[in-house]
Amino acid sequence: MSTQAPRDAAAERRRLLAEMLRQRAAESRVFPLSFAQQRLWLLDRLEPGSSAYNLARVLRLEGDLRADALERALGEVVRRHASLRTVLTTAAGEPAQVVAPAGELRLPPVPVAGATRDERGAVAARLAREEAARPFDLAAGPLFRATLLRVDEREHLLVLVMHHVVTDGWSMGVFFRELAALYAAFAEGRPSPLPEPSLQYADYAVWQRKHLAGEALERQVAFWRERLAGAPTLLELPADRPRPSAPTRAGATFRAGLPGPLSAELRELARRENATPFMLLLAAFQLLLAKHAGQGDVVVGTPVAGRDRPELEGLVGFFVNTLPVRADLSGDPAFRRHLAAVREGMLEAQAHAEVPFERLVEELRVERLPGISPVFQAMFALHAGGAEPVFPGLAVRSVPVDPGAAKFDLSVEAFDAGDHLAVAWEYSTELFDAATVERMAERFRILLEGIVRAPGARLSALPLMDAEERTRVLRGWNDSARAFPGARVHELFAEQAARSPDAPAVLGPDGTLTYGELDRRSGILARALRERGVGPESRVGICLERGPEIPVAVLGVLRAGGAYVPLDPAYPAERLRFVLEDAGVSLVVAAGPAAAALPEFGGEVVPVDGTPSPPGPLSPGGGEGEHGSGPDSLAYVVYTSGSTGQPKGVEVTHRSFANLLRAARDGFGFEAGDVVPVLAPYAFDIWGFEALAPLLAGGAVRVVSKEEVLDVPRLVEGLRGATAVHAVPALMRQVAAAVAASEAGPLRGMRRVFVGGDAVPPDLLAEVRAAFPRAAVRVLYGPTEATVLASAHLVGEDERPAGSVLGRPLANARTYVLDAAGEPVPAGVAGELYVGGAGVARGYLGRPGMTAERFVPDPFGGEAGARLYRTGDRARWRRDGTLEFLGRTDAQVKVRGFRIEPGEVEAAILAHPG
């Protein structure tokens, strides 16, 4: 890196600063704003009444306080530093700082009410917090406030509050050093020992405006323009609440320390790596954010003092500048390499630190959004530990105060306290709960411990969890094991049919099929299929219009030992032809107009009522004989949409299918007497849940026509006789609206409502409760490749979800949230959702490469050969062990079906877009 340009710039800056010393504008009381002041002035106009930029310091003074000496000392500090007498207003249409003449400062002790000292101490602390949070009026001023609270004759609280526009962290050190020196002198009757300042902050503002222009500014901006090209504009930290449209910058602060031994190890590691402790902590903080946000490109702001000349070191004013430090963590480098990159980046950034951040935002034309800091939304700073000011005859101790505001989404300040590092986490309470930030602070400690143990480890290998939390997310929140004997779906149905042969099973416009009739008809079809050679792994197409024949066909194919392949007659002919060829279908169960829709495929069409066969006993379960399928045999093949490429046939086994239906039957409480409408097209995998789970419990299903699904008011009237219903969010919202508009009122007979197939907006759940006031409402989630459903969430009576809840895994399912390296992430951290357990499909039919890509070994399940399905969905664990959907990790569109002709699009989306 060439240093000539920075050296030339530094020399020019020294020359101009010397000129500033010679040509002060001291005669005037109206000055331009510095660039930093201009930004805060603009923020104040956009968000008036905010206390986010209040800087407060509270000192507990114990002993014999000379209140008169303290009052005089404060007045002298304010006289010496014109910034503390400054207000921001407009002059000639431009923002300007106006310096008021020095006046008398009064600091009368304010008695604190309370019967005991403890009570008075609590009241004083509350008053201090309220004073720290009271906003300033930048135009009216003053922008400096001092209050002395008298707890008793030997205890006082000195509360000092300044707006950031007139001070900064360095200035606070200047302020207290001078205040201590002046108090000591005045308490002893001596004059001020301090020399008069040679400059005021306004002089610096005038010089800065002249200096940062033209070629000097362009050189600085060019560096940052290149450094920040393509950087993400928003740090996507998973929040507890959506970002408000009208933010108030409400905030809070959580304080936690890093243990002394760990602090010492960090200092030693920084020394060995030729870095500063600040660089090491910043690198770790960037990694913490990257892991939480799931981003490999992170920008963090960090302050620099902005006082590289001795003449500026003793001034009170807003000199601090902010540098946006970008980190590229892609490729999973070793932490040592990441630290080296941070070190190099910081050195380059500091060599180009002269351009104010506010001017940089203007020059880069960064879009400003309400409540969102441009360029970065997280800050990090490390401050050297400073001793408490020394007041003769007094014990002085700083009292932490929380002004209840946050300048950024997250701002972390570490303080070197000598024997340990103290860390303050300031955060937006509009985004984060206190518990979320406390966990983040704990994970920062765990991460730092991992770094000092193995600085050469790759970033993905550095932990955010201790062993207890790792066990909880891998085992505790996946404690879903249930003992389900190995019966297949058609056997389970046969058992139910034997118990209630005369009960209604399938309701249709032309009559009702009882359990006994459905069992008999599916058995006739099964025998016909077996006579044609159907057995294990045989794939049999089903092409039927919506109606009672579909359950007959599905159970018949399963009972014959084969696997069904749904073929919706509304699909385009080329689509049907593709599925027939790809699945190797030689037999299709079809009837009526649906049979006519089939393209030529060189196979045989079998009517749904079978063909005449010699009378003989029907085998309800299919048996395990010559034609019998086993639990690991294929049960069905359903094709994905093909919206991201060639459609894929997902192979699901009997074991997985039976586990799903028993988990749904037992877990959701389906029972005899249920009436459940089937809204989904049978080519979508959710059809199996809607149509078959009630049949295994003795309930009845009603296959709803496409026309009724599209006619929502008519659909609602049909739902009045139902006890359970499933619909996707788009359709459920229309149903809830139609119920609200109906004179008949809510559907009080509905006992169970399921919403799934897409992200469920939290506001929809309130509408569902109003439409079905007596129903248990569940959110369902699951990809086709995990056999329809993987998790469910029972929405509590008073629950107000902040996001799309996915719930907990179903029986014998497991869900994992993993990072890019396949490692589990803790609660609150975003990752990709993987599904394991009994529901994981066999794979994609005839596509071993794609199967290997999406179905990966399960290192956590414990069973030999266990696999996980990569869903492509972003999720996180909530604190209570429920999953929350955050979006997609890739461009894959998860549709359980495929592209349909225009006349069918709306029906397919409403029924189940997947």
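Conventions adopted
Residues numbered from 1 in each chain as written. Predicted model: local features only at pLDDT ≥ 70, side-chain atom pairs only at ≥ 80, totals over all residues. Heavy atoms only, no water. Helix = DSSP H or I, 4+ residues; strand = E, 2+ residues; numbered from the N terminus. Buried < 20%, exposed > 50% of the residue type's maximum accessible area, 1.4 Å probe, protein only. Areas by Shrake-Rupley, 256 points an atom, 1.4 Å probe, with all protein chains shown as cover. Lys, Arg positive; Asp, Glu negative; His and termini not counted. Charge placed at Lys NZ, Arg CZ, Asp CG, Glu CD. Contact = heavy atoms within 4.5 Å. Pairing = 2+ DSSP bridges. Axes fitted to C-alpha atoms, helices over the stretch in contact; angles between N-to-C directions. Parallel < 35°, antiparallel > 145°, perpendicular 65-115°, else oblique. Left-handed = near helix turned anticlockwise from the far one by under 90°. Nonpolar A, V, L, I, M, F, W, Y, C, P; charged D, E, K, R; others polar. Phe/Tyr/Trp six-rings, centres within 6.5 Å; stacked < 30°, edge-to-face > 60°. Lys NZ or Arg CZ within 6 Å of the ring centre and 35° of its normal. 1 Å grid on protein atoms, 1.4 Å probe; cavity = no way out; pocket = protein on both sides within 12 Å on 5 of 7 lines; lining within 4 Å. Points joined across faces, edges and corners; volume = space filled by probe spheres on them. Salt bridge = Lys/Arg side-chain N within 4 Å of Asp/Glu carboxyl O.

Engineer: Any chance you could break down the overall build of the chain for me, citing the residues and the numbers?
Structural biologist: Within the chain, the secondary structure is distributed over 27 helices and 35 strands. Each principal axis of the C-alpha atoms in the chain carries an extent, and together these give about 120 × 65 × 55 Å. Across the 914 residues of the chain, 57% fall into the buried class. With an accessible surface of roughly 36000 Å², the chain has 53% of that area assigned to carbon and sulfur atoms. In the chain, 103 positive and 114 negative side-chain charges are present, and the distance between their average locations comes to 3 Å.

Engineer: So what about the side chain of Thr723? Which residues, and what values?
Structural biologist: Mapped onto the elements, Thr723 comes out in the loop between α23 (712-719) and β25 (724-727). Taking relative accessible area as the criterion, Thr723 reaches 8% and is therefore assigned buried. With near-sequence residues (within four places) excluded, Thr723 lies in contact with Gly673, Asp674, Val675, Gly749, Met750, Arg751 and Arg752.

Engineer: Account for the pairing of strand β22 (residues 649-653), naming residues and giving values.
Structural biologist: Of all the five residues making up β22, five are buried; the element is thus mostly covered by neighbouring parts of the structure. Here β22 shows two buried faces, one formed by Gly649, Glu651 and Thr653 and the other by Val650 and Val652. Pairing analysis gives five bridges linking strand β21 (residues 634-639) to β22, with the strands arranged antiparallel. Looking across to β22, one finds that Val638 is bridged to Val650. Pairing between β22 and strand β32 (residues 843-844): two bridges, direction antiparallel. Pairing of Val650 across the sheet is with Tyr844, part of β32.

Engineer: How would you sum up the packing of helix α16 (residues 515-531) against helix α17 (residues 549-559)? Please name residues and give values.
Structural biologist: Look at α16 against α17: their axes get within 7 Å of each other, and the N-to-C directions meet at 50 degrees. By the criterion of interaxial angle, the relationship of α16 to α17 is oblique. Crossing handedness for the pair α16 and α17: right-handed. Here Leu518, Asp519, Arg521, Ser522, Gly523, Leu525, Ala526, Leu529 and Arg530 of α16 lie close against α17, whose contacting residues are Glu549, Pro551, Val552, Ala553, Leu555, Gly556, Val557 and Arg559. A per-class count over the contact of α16 with α17 returns nine nonpolar, three polar and five charged.

Engineer: Before we move on, can you summarise the environment of Glu362 with the specific residues and values?
Structural biologist: One can find Glu362 in helix α12 (residues 357-364). Sequence separation between Glu362 and Ala737 is 375 residues, and the spatial gap between their C-alpha atoms is 47 Å.

Engineer: Hey, could you go over the packing of aromatic side chains for me, with residue numbers and the actual values?
Structural biologist: We describe a pair of aromatic rings using the distance from one ring centre to the other and the angle between the two ring planes. By the definition in use, this model includes 28 aromatic pairs. When the ring of Phe689 is compared with that of Phe754, the centres are 5.4 Å apart and the planes differ by 90 degrees; the resulting orientation is edge-to-face. Linking Phe689 in helix α21 (residues 686-692) with Phe754 in strand β26 (residues 752-756), this pair joins segments that are 65 residues apart in sequence. The pair Phe689 / Phe754 is uniform in exposure class, with both members buried. Among the aromatic residues, those joined into a ring-pair cluster are Phe278, Phe285, Phe380, Trp425 and Phe444. Here the guanidinium or amino end of Arg57 rests over the ring plane of Phe176, the centre of that ring lying 4.6 Å away. In this arrangement the basic side chain of Arg72 is found over the ring face of Phe186, its NZ or CZ atom lying 3.8 Å from the centre.

Engineer: Give a description of empty space enclosed by the protein that names residues and reports values.
Structural biologist: Per the stated rule, a full pass over the model turns up eight cavities of 30 Å³ or more. Roughly 120 Å³ of volume is contained in the second largest cavity. Along its surface, the second largest cavity is lined by 14 residues, and Arg243, Gly371, Asp409, Ser428 and Glu430 are the ones closest to its centre. Broken down by class, the residue content of the lining of the second largest cavity amounts to five nonpolar, four polar and five charged.

Engineer: Tell me what's going on with the sheet that holds strand β2 (residues 54-63), and back it up with residues and numbers.
Structural biologist: The strand order β5-β6-β7-β2-β12 describes an open sheet built from five strands, whose pairing is mixed. The open sheet is flanked by β5 (110-111) and β12 (394-399), the only strands paired with a single partner. Two strands pair when backbone bridges link them, and β2 and strand β7 (residues 155-163) are joined in this way by nine bridges, in the antiparallel orientation. Considered in β7, the bridge of Arg57 is made with Leu160. Taken strand by strand, helix α5 (residues 169-187) contacts β2, β6 (144-152), β7 and β12, and its axis lies near 140 degrees from that of β7.

Engineer: Tell me about the pattern of salt bridges, residues and numbers included.
Structural biologist: Across all of its chains, the model carries 54 salt bridges by this definition. Measuring nitrogen to oxygen at the nearest pair gives 3.3 Å for the salt bridge that ties Glu363 to Arg359. Here the residue Glu363 and the residue Arg359 both occupy positions in helix α12, the gap between them amounting to four residues, near one helical turn. By relative accessible area, which is 17% here, Arg359 ends up buried. With its nearest N and O atoms 3.5 Å apart, the salt bridge here joins Arg751 to Glu671. Taken together, the residues Arg751 in the loop between α24 (729-741) and β26 and Glu671 in the loop between α20 (654-668) and β23 (675-678) connect sequence positions 80 residues apart. It is possible to trace a salt-bridge network through shared partners that takes in Arg60, Glu62, Arg117, Asp152 and Glu155.

Engineer: Quick rundown of the sheet that holds β23? Include the residues and the values.
Structural biologist: The strands that make up a sheet are held in pairs by hydrogen bonds between backbone atoms, and each pair lies either parallel or antiparallel. If you walk across this open sheet you meet the four strands as β16-β15-β24-β23, and the pairing is mixed. Among the strands making up the open sheet, the edge pair consists of β16 (511-514) and β23. Each neighbouring strand pair of the sheet contributes to a mean axis angle of 25 degrees, computed without reference to strand direction. In terms of strand pairing, β23 meets strand β24 (residues 700-703) through four bridges, oriented parallel. Bridge pairing links Val676 to Val701 in β24.

Engineer: Before we move on, can you summarise unusual backbone geometry with the specific residues and values?
Structural biologist: Geometrically, the link from Gly141 to Pro142 is a cis peptide bond, its omega value of -10 degrees lying close to zero. Relative to the elements of secondary structure, Pro142 occurs in the loop between α4 (117-133) and β6. Here the phi dihedral of Val788 falls at roughly 75 degrees; this positive angle occurs in a residue that is not glycine. Looking at the element boundaries, Val788 is found in the loop between β27 (776-781) and β28 (791-794). Given the relative accessible area of 1%, Val788 is considered buried. For Asn812, which is not glycine, the phi torsion reads 65 degrees and is therefore positive. Looking at where Asn812 falls in the secondary structure, it is placed in the loop between β29 (804-809) and β30 (813-818). Under the relative-accessibility criterion, Asn812 is labelled buried at 18%.

Engineer: I'd like a rundown of α17, residues and numbers included.
Structural biologist: Taking burial as the measure, the 11 residues of α17 include 10 buried ones, the bulk of the element. Among the residues of α17, those classed as buried are Ile550, Pro551, Val552, Ala553, Val554, Leu555, Gly556, Val557, Leu558 and Arg559. Backbone geometry just after α17 places Gly561 at a positive phi near 100 degrees.

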